[in-house]
Amino acid sequence: MFVLFALLLLLLTPMSGSSFSFPAPPLISTLPTRPSPTSPTMISPSDSLRLPDGYTEKDAMITLFRDKAGWCPYCQKVWLHLEMKGVPFKMSTVPMRSYGDKPESFTSRVPSGLLPAFDVGGRTFTESSTLMEIVEQLYPASDSGWKDMSAPAGSEGLKRLERRLFGDWCNLIFRPPPSRNVFGMQVPGGADGRLSDFKRTLSEVSSALSRSETPWFGGSPHPTSLDLLYISHVERMLASVMYWTGIDMRSLGEDYEGLRQWLDAFDASEVYLGTKGDYYTHIKDIPPQYGPGFDLAPGLESVQRKLVGAEDGWGWFLGPDGEVRVDGDCPEAVGLGLPGFTMSEWSSLSPSRRGLLARNKAGLSLFAGGDAVVRFSCRAGDGGSKNPRKQFGAELADPYAQPDESLVSSVGGVLASVASCLASDDEGRHRASLEALEEELGRARVDGRQVKACLAYLRDRVGVPRDMPLSAARELRAHLNFAIQCL
């Protein structure tokens, strides 16, 4: 299959200034063709209509408005509540202020712009806790076998503990260390004390989980709104604590075994994984929402560089065998599932098969984006960089930038080559596909400096879960890095 597309792309050798149209995607037989309501398989964030078996669109009483990038923890927990409850609903995405402007169609409904929000029968509701209560009222556990997602009885103390954990996390990450000079004044306080406070509170959370007969709070047979209250911020704590302190929360010792089992149980949930962001995405989305993070101690450069792809080892580059290199000390799992697979199905596959499927998913996503992705990438060209741009809080937000039109053909040809390589049916033989890609890119007549800048621009903006799950995102990022090295 790769040979056919290589021959096609030879006819499309990139030439600066010429017109370009992204080729049609190949037929891929490796990926499942299940309908979009895939529960209990991994969900897809792009689904706008979630219909469990037996339901039609008219059964969806709720429309959820959540943030488009999957950054908002409050949106995530309401989204998870709906998915895990198993009710039919519609979903519409809206930008957060940190990376875009909200459309008038939303602000006319929610003047404050608050997310998440519900539309229920033409009435609008906000505040995540209120929305979760509405779900339980509309779909009570006593009717039709709905799960009871309400917090277990006597949970008020655990809800207060969650707020204390959140506060300790903010104090740890977003407060300058005592040695830092801010506005000419020495900031008081001790970093060691803040870390101790955070770990102590986290240990209390873990102890509460250890007392449960199940992985979930209160002995529930499934996650409840209390578990979702915690996970939406703990997910972001995992990434930020690793990046700004160098501490892996999953490896803190025996006092945190309950926490580890709880996290493992979430990572075995196809529904949760479909909403889960990766460390890189959270490292980029946390500062515009909470403020800048501060390094707790010196010596974090290697950890931070690996997490953001500036250094090899943690899923940003390809190894000698052509597979994504993920070293054993990487704090994130190699890649947990794809839409259309149950976790048991995914776990039963060989590493080479999972790599093939993740590549194919990334390749088809790139084909699906086609010309729009090409033009998006070309914003990084010299001509694109001269566009007037509205500034947003998110470092990489650039919604009003225009492409450098002179690079569309060059960048399009290179991305089509990368997409075809990713979409190849070459399990155990991907090294040969990469060699063919390297040879093809070596013949491309392009402005190497500008095209590489465009590929890096795209690579740095691949978001999880917005664009694709982590396993596929790693493949796309690593193959873009490979193409950059080839040019």
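An account of the accompanying structure is given in this report. (Residues numbered from 1 in each chain as written. Predicted model: local features only at pLDDT ≥ 70, side-chain atom pairs only at ≥ 80, totals over all residues. Heavy atoms only, no water.)

## Examining the overall build of the protein chain
Scanning the protein chain from N- to C-terminus turns up 17 helices and 9 strands. A globule of 487 residues ought to have a C-alpha radius of gyration of about 23 Å, and the protein chain, at 23 Å, matches this closely. At a minimum sequence separation of 6, the contacts of the protein chain that also span at least 24 residues come to 74%. As presented, the protein chain carries roughly 20,500 Å² of accessible surface, and 52% of it is formed by carbon and sulfur atoms. Of the charged side chains in the protein chain, 51 are positive and 59 negative; the average position of the first set lies 4 Å away from that of the second. (Helix = DSSP H or I, 4+ residues; strand = E, 2+ residues; numbered from the N terminus. Rg over C-alpha atoms; globule rule 2.2 N^0.38 Å. Contact = heavy atoms within 4.5 Å. Areas by Shrake-Rupley, 256 points an atom, 1.4 Å probe, with all protein chains shown as cover. Lys, Arg positive; Asp, Glu negative; His and termini not counted. Charge placed at Lys NZ, Arg CZ, Asp CG, Glu CD.)

## A word on the environment of Leu-356
The residue Leu-356 is located in helix 13 (residues 351–377) in this model. Placed 69 residues apart in sequence, Leu-356 and Asp-425 show a C-alpha to C-alpha distance of 7.3 Å. Other than its neighbours up to four places away in sequence, Leu-356 contacts Thr-30, Ser-424, Asp-425, Asp-426 and Glu-427.

## Observations concerning helix 10 (residues 279–290)
Over its 12 residues, helix 10 extends 16 Å from the first C-alpha to the last, a length consistent with the 16 Å expected when each residue adds 1.5 Å. Buried within helix 10 we find Tyr-279, Tyr-280, Thr-281, His-282, Ile-283, Asp-285 and Ile-286. On the buried face of helix 10, the contacting elements are helix 5 (156–173), helix 7 (225–245), helix 11 (301–307), strand 8 (314–318) and helix 17 (470–486). Two residues or fewer after helix 10 comes Gly-291, characterised by a positive phi angle close to 110 degrees. (Expected span 1.5 Å × (residues − 1). Buried < 20%, exposed > 50% of the residue type's maximum accessible area, 1.4 Å probe, protein only.)

## Focus on the sheet that holds strand 2 (residues 62–67)
Read across the open sheet, the 5 strands follow the order 1-3-2-4-5; overall the sheet is mixed. Each having just a single partner strand, strand 1 (49–50) and strand 5 (123–126) make up the two edges of the open sheet. In the sheet, strand 2 pairs with strand 4 (residues 117–120) via 4 bridges, with the strands oriented antiparallel. Of the residues in strand 4, the one forming a bridge with Thr-63 is Asp-119. This element, helix 4 (residues 128–138), spans strand 2, strand 4 and strand 5 of the sheet and lies at about 35 degrees to strand 4. (Pairing = 2+ DSSP bridges. Axes fitted to C-alpha atoms, helices over the stretch in contact; angles between N-to-C directions.)

## What to know about unusual backbone geometry
Between Leu-115 and Pro-116 the backbone carries a cis peptide bond, its omega angle lying at 0 degrees. Mapped onto the fold, Pro-116 is located in the loop between helix 3 (104–107) and strand 4. Here the bond from Val-464 into Pro-465 is cis, since omega is 10 degrees, no more than 30 degrees from zero. Mapped onto the fold, Pro-465 is located in the loop between helix 16 (448–459) and helix 17. Here Glu-127, not a glycine, exhibits a phi torsion of approximately 75 degrees, which is positive. For Glu-127, a relative accessible area of 48% puts it in the partly exposed group.

## Some thoughts on the packing of helix 14 (residues 408–422) against helix 17
Running from N to C, helix 14 and helix 17 cross one another at 130 degrees; their axes reach a closest spacing of 10 Å. Taken together, the axis directions place helix 14 and helix 17 in an arrangement best described as oblique. Of the two possible hands of crossing, helix 14 and helix 17 adopt the one that is right-handed. In contact with Leu-415, Val-418, Cys-421 and Leu-422 of helix 14, helix 17 contributes Glu-475, Leu-476, His-479, Leu-480 and Ala-483. Residue classes in the contact of helix 14 with helix 17 are distributed as 7 nonpolar, 1 polar and 1 charged. (Parallel < 35°, antiparallel > 145°, perpendicular 65-115°, else oblique. Left-handed = near helix turned anticlockwise from the far one by under 90°. Nonpolar A, V, L, I, M, F, W, Y, C, P; charged D, E, K, R; others polar.)

## Some points on the pairing of strand 2
For a regular strand, side-chain orientation follows a simple rule: the groups alternate between the two sheet faces. The element strand 2 is largely enclosed, with a buried count of 6 among its 6 residues. In this structure, strand 2 lies alongside strand 3 (residues 89–94), joined through 6 bridges in parallel fashion. What sits directly across from Ile-62, in strand 3, is Phe-89. For the segment spanning strand 2, helix 2 (residues 73–85) and strand 3, crossover handedness is right-handed. (Right-handed = clockwise from strand over helix to strand, strands pointing away.)

## Notes on the nonpolar core
Phe-118, Trp-169, Phe-198, Phe-217, Tyr-230 and Trp-262 are the most contacted members of the largest nonpolar core, which totals 70 residues. Looking at this core, the element that brings in the most residues is helix 7, giving 13 residues. If you look at the next biggest cluster of nonpolar residues, it comprises 48 residues, including Leu-407, Leu-422, Leu-470 and Ala-472. (Core = buried A, V, L, I, M, F, W, Y, C linked by side-chain atoms within 4.5 Å.)

## Remarks on the packing of helix 13 against helix 14
Running from N to C, helix 13 and helix 14 cross one another at 175 degrees; their axes reach a closest spacing of 8 Å. Judged by the inter-axis angle, helix 13 sits roughly antiparallel to helix 14. Between helix 13 and helix 14, the residues in contact are Arg-359, Asn-360, Ala-362, Gly-363, Leu-366, Phe-367, Val-373, Val-374, Arg-375 and Ser-377 and Val-408, Val-411, Gly-412, Leu-415, Val-418, Ala-419, Ser-420 and Leu-422, respectively.

## Description of the environment of Asp-267
Assignment of secondary structure puts Asp-267 in helix 8 (residues 257–267). Overall, Asp-267 belongs to the buried group, its relative accessible area being 11%. Those residues within four positions of Asp-267 in sequence are excluded, and the remaining contacts are Arg-250, Tyr-272, Leu-273, Lys-276, Leu-336 and Met-343. For Asp-267, the side chain forms a polar contact with the side chain of Arg-250, separated by 2.5 Å. (Polar contact = N/O pair within 3.5 Å; in protein donor to acceptor, adjacent residues only side chain to side chain.)

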